[in-house]
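Single-letter residue listing:
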Amino acid sequence: MQEDCVNCAQFLRRRETYREETALFMLRSKTGKKEYDVTVRYEKEKNGEEREVGRSWVDLETDLLDFCKNNAKDAVDARLFFDGKKFTYTPEQNGVYCDYARSLDLALAALREGKNGSEVVQAEFTPRITVKMLRERTQRLGAFTTYFDGGNLPRAHNIALAATRIAGVELAPKSEFSFNTVVGKRTEANGFEVANVIFEGEFVPGVGGGVCQASTTLMNAALVSGLKITESRPHSLPVGYVKPSLDAMVSEYSDLKFINPYDFPVYLAAETGGNFVRFIVYGKPDGRRYVTESNVRYRIAPPAAEIVEGEEDKVLRAEKEGVASESFLLVYDRAGNLLSRKLFRRDTYGASQGKIMVKKAEQDDAPEQNGNAEPPQEPAQ
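Scope of this entry: the structure provided in the associated data block.

What counts, and at which threshold
Residues numbered from 1 in each chain as written. Predicted model: local features only at pLDDT ≥ 70, side-chain atom pairs only at ≥ 80, totals over all residues. Heavy atoms only, no water. Buried < 20%, exposed > 50% of the residue type's maximum accessible area, 1.4 Å probe, protein only. Helix = DSSP H or I, 4+ residues; strand = E, 2+ residues; numbered from the N terminus. Arc of directions from axis to C-beta. Contact = heavy atoms within 4.5 Å. Pairing = 2+ DSSP bridges. Axes fitted to C-alpha atoms, helices over the stretch in contact; angles between N-to-C directions. Core = buried A, V, L, I, M, F, W, Y, C linked by side-chain atoms within 4.5 Å. Phe/Tyr/Trp six-rings, centres within 6.5 Å; stacked < 30°, edge-to-face > 60°. Lys NZ or Arg CZ within 6 Å of the ring centre and 35° of its normal. Polar contact = N/O pair within 3.5 Å; in protein donor to acceptor, adjacent residues only side chain to side chain. Salt bridge = Lys/Arg side-chain N within 4 Å of Asp/Glu carboxyl O.

Topic: helix α2 (residues 60-70)
Thought 1: Burial in α2 covers these residues: Leu60, Asp63, Leu64, Phe67 and Cys68. Along the axis of α2, the buried residues cluster in a sector spanning 135 degrees; they form a single face. Among the exposed residues of α2, those pointing more than 90 degrees away from its buried face are Glu61, Lys69 and Asn70.
Thought 2: Residues of α2 that are buried in the fold lie against β1 (18-28), β2 (33-44), β6 (95-98) and α3 (100-112).

Regarding the sheet that holds β1
Thought 1: As summarised here, the arrangement of the 4 strands in space is β3-β2-β1-β7, forming an open sheet in which the pairing is mixed. Bordering the open sheet on either side are β3 (50-56) and β7 (117-119), each of which pairs with just one other strand. Strand-to-strand, the axes of this sheet are offset by a mean angle of 35 degrees, without reference to chain direction.
Thought 2: With 6 bridges connecting them, β2 and β3 associate as antiparallel partners. Counterpart to lysine 44 in the pairing with β3 is glutamate 50.
Thought 3: Helix-sheet contacts for α2 involve β1 and β2, and the interaxial angle to β2 is about 160 degrees.
Thought 4: Against the sheet, α3 contacts β1, β2, β3 and β7, and its axis sits at roughly 155 degrees relative to β7.

Some thoughts on the nonpolar core
Thought 1: Among the nonpolar cores identified, the biggest contains 42 residues, and Phe177, Phe179, Leu218, Leu256, Phe258 and Phe279 are the most heavily contacted of them.
Thought 2: Those elements giving two or more residues to this core turn out to be α5 (153-166), α6 (179-183), α7 (211-223), β16 (266-272), β17 (276-283) and β21 (322-332).
Thought 3: By residue number, the principal contributor to this core is α7, which donates 8 residues.
Thought 4: In contact with leucine 218, other than residues within four places in its own chain, are Ile166, Phe177, Phe179, Leu256, Phe258, Leu268 and Phe279.
Thought 5: Among the nonpolar cores identified, the runner-up in size contains 18 residues, and Val40, Leu104, Ala107 and Val120 belong to it.

Notes on the packing of aromatic side chains
Thought 1: By the definition in use, this model includes 10 aromatic pairs.
Thought 2: Between phenylalanine 82 and tyrosine 282, the ring centres sit 6.4 Å apart and the planes meet at 70 degrees, which makes this aromatic pair edge-to-face. A residue pair is termed long-range when its members are at least 10 positions apart, and phenylalanine 82 in strand β4 (residues 79-82) and tyrosine 282 in strand β17 qualify at 200 residues. Like phenylalanine 82, the residue tyrosine 282 is buried in the burial classification.
Thought 3: The structure contains a cluster of three or more aromatic residues connected by ring pairs, namely Phe82, Phe87, Tyr89, Tyr267 and Tyr282.
Thought 4: In this arrangement the basic side chain of arginine 341 is found over the ring face of phenylalanine 328, its NZ or CZ atom lying 3.8 Å from the centre.

As for the environment of tyrosine 349
Thought 1: Looking at the element boundaries, tyrosine 349 is found in strand β22 (residues 338-349).
Thought 2: Residue tyrosine 349 is classed as buried on the basis of its relative accessible area of 1%.
Thought 3: Here the alpha-carbon distance between tyrosine 349 and isoleucine 300, two residues 49 residues apart in the chain, equals 8.5 Å.
Thought 4: Here aspartate 247 takes part through its side chain, which lies 2.6 Å from a polar atom of the side chain of tyrosine 349.

Considering the pattern of salt bridges
Any two side chains of opposite charge can pair if their charged atoms end up close together.
Thought 1: Evaluation of the coordinates by the stated rule reveals 18 salt bridges.
Thought 2: Note that arginine 28 is salt-bridged to glutamate 119, the shortest N-O span being 2.9 Å. Of this pair, arginine 28 sits in strand β1 while glutamate 119 sits in strand β7, and the two are 91 residues apart along the sequence.
Thought 3: Overall, the relative accessible area of 31% leaves arginine 28 in the partly exposed class.

Put into structure tokens, the structure is as follows:
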């Protein structure tokens, strides 16, 4: 019992020589700061003065973890905007994360040393997509230009309208482009005007005339950019704005389609002027160069011109020979070495019959009757 009393006295003396109070401890980082309560213990010296003997933070690990989470910052990917002519880029923003283990060591060391705060170790990390990456993915892959008569205003309007509908298209990897889907039906309600079209081997007025020049120009831009053509058809007659077997006739029943074979998107841009249309394809180059080639296998002579009588001598429709042709796609590496030469298409274009007006022959006035005149002949019986 006496031993117990001795122990009790020692315990009471210990209680008298220690004191605890609450102090503020601050965690600081690049992105924020916050104060927390910690316990400070004091001990009395023999001379009666107090001496701090330690600090403790019961919820240090939990509080530090919450601080790290609240002060973390997600990375923001760079973005691009494409208006059909040019690219605009929004810069990326680095993210911030907390080195929890290192920060915990620093906080414990600060508590041991009697400090009122410590630094939380943070580091930045880059986002998944940067402006540099986007610029690498939006380089010019290829372009193609054709020319037309700017004085034919309805036809020029139709070409420009089709180009405007296509400009700005982003084609995802492995996805397919459809000209008819993007441009829409060639109707007056859809904004198209009447101009010459090829119908049953002749040039006749029709709504949307000239749109085939837009599809042809686009197909050639796609070819020299490494895109894979999945559907294209020739006209029935040769056209003057592109070499044979490199045209792309579109109609209600005929489409131009191609696939983006790359692992990144491609972007279609368009430019039109008073007498030209140009399509440009942007994406990430694959290190190859694509070139088209057109060859005429043989020519087809037009039939004899159709002759009609009229008020003057005039060529109503010029004759035009037809051709049998073929086209190839050639692929070169960076050093200019030919890697492949593949047949793209083999076609036959019909010849156009000419049509000529000749002036009617003037008939002489009937001769006067006289005694020498022969009597009129009667039909044979």
